[in-house]
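Examining the three-dimensional arrangement
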Amino acid sequence: MAARRLFFALWPEAYWAEGLLEATHDAIAASGGRPVPCADLHVTLCFLGALEEAALAGVCERVNELRPADFELEFAALEYWPHARLLAATAAVAPTAALELARVLHGWARAAGSSTEELPLRPHVTLVRGVSTPGPSPHARPLLPPRRLQARRLHLAQSLVRGAGEASMAAPARYVRLQSWPLTGRG
């Protein structure tokens, strides 16, 4: 049985994702990579990796009791990340509510047996994978106008991408949302 690749993320509404793709169309077209499908655009807050079903159920129970504040992310730049060969819309600042939510989720994931490394939250939306032509400004350029994302729901999702060594670069990313919770604004 293949390990499930689970993560917590924000998923923008379709109109927001479509607007972001429209605003970045030229950079996406020039990248020479594989655009991420509109329905798959998301902001990862915490990667869980593969958890046993009982451990995952325990994490979800804790999330059910959580009352995190809603927040806004402002995506104001397009960045090419050479190591990952991806083009992403990035937010320069993560609000305190986003940082706290990611920290809590990482803590619960570790307590449940996740061995994934906790990295500082760097909000981004991956637009293109396998970039071959980063363009005239290979590392960062402004995204004008900036795109504001109201984070109102937290989603548990699963990556359906095959793992490393299984031609994962050849297959487009596909994700399925398994569960979601409101961000209440009550902190």
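In what follows, the structure referred to is the one given above.
Analysis parameters
Residues numbered from 1 in each chain as written. Predicted model: local features only at pLDDT ≥ 70, side-chain atom pairs only at ≥ 80, totals over all residues. Heavy atoms only, no water. Salt bridge = Lys/Arg side-chain N within 4 Å of Asp/Glu carboxyl O. Helix = DSSP H or I, 4+ residues; strand = E, 2+ residues; numbered from the N terminus. Buried < 20%, exposed > 50% of the residue type's maximum accessible area, 1.4 Å probe, protein only. Pairing = 2+ DSSP bridges. Patch = residues over 30% accessible without salt bridge, like charges linked within 9 Å, V, L, I, M, F, W, Y side chains within 5 Å. Areas by Shrake-Rupley, 256 points an atom, 1.4 Å probe, with all protein chains shown as cover. Contact = heavy atoms within 4.5 Å. Axes fitted to C-alpha atoms, helices over the stretch in contact; angles between N-to-C directions.

1. Details of the pattern of salt bridges
- This structure, assessed with the given rule, holds seven salt bridges.
- Where Arg148 meets Glu74, a salt bridge forms, and the shortest distance between an N and an O atom there is 2.7 Å. Residue Arg148 is found in strand β7 (residues 140-151), and its partner Glu74 is found in strand β4 (residues 71-81); the two are separated by 74 residues along the sequence.
- Glu118 is the salt-bridge partner of Arg110, the closest N and O atoms lying 2.5 Å from each other.
- A relative accessible area of 35% places Glu118 in the partly exposed class.
- Through salt bridges with shared partners, one network takes in Glu72, Glu74 and Arg148.

2. A word on the pairing of β4
- Burial analysis of β4 places eight of its 11 residues in the buried class, which makes it a mostly covered element.
- Direction of pairing for β4 relative to β7: antiparallel, over a ladder of eight bridges. Considered in β7, the bridge of Glu79 is made with Ala140.
- In terms of strand pairing, β4 meets strand β5 (residues 86-91) through six bridges, oriented antiparallel. Pairing of Tyr80 across the sheet is with Leu87, part of β5.

3. Notes on the environment of Leu78
- By the element assignment, Leu78 lies in strand β4.
- For the pair Leu78 and Thr126, spaced 48 residues apart in sequence, the C-alpha to C-alpha distance is 9.7 Å.

4. A few points about a nonpolar patch on the surface
- On the surface, Leu160, Val176 and Leu178 cluster together into a nonpolar patch covering about 240 Å² of accessible area.
- Mapped onto the elements, Val176 comes out in strand β9 (residues 175-182).

5. Overview of the sheet that holds strand β2 (residues 34-35)
- One open sheet holds the five strands; their spatial order is β2-β6-β5-β4-β7, and the pairing between them is antiparallel. If you trace the sheet from one side to the other, it starts and ends with β2 and β7, each paired once.
- Pairing geometry for β2 and strand β6 (residues 124-129), over two bridges, is antiparallel. Bridging from a neighbouring strand, Pro35 pairs with Val128 of β6.
- Against the sheet, helix α1 (residues 14-23) contacts β4, β5, β6 and β7, and its axis sits at roughly 175 degrees relative to β7.

6. Remarks on the sheet that holds strand β8 (residues 153-159)
- Taken in spatial order, the four strands line up as β3-β1-β8-β9 in an open sheet, and their pairing is antiparallel. Across the chains shown, the open sheet's two edge strands, defined by having one partner strand only, are β3 (43-49) and β9. Neighbour-to-neighbour, the strand axes of this sheet turn through a mean angle of 25 degrees, independent of strand direction.
- Here helix α3 (residues 53-65) sits on the sheet and contacts β1 (5-10), β3, β8 and β9; the angle it forms with β9, its principal contact strand, is near 35 degrees.

On their own, these measurements won't tell you what the molecule is for.
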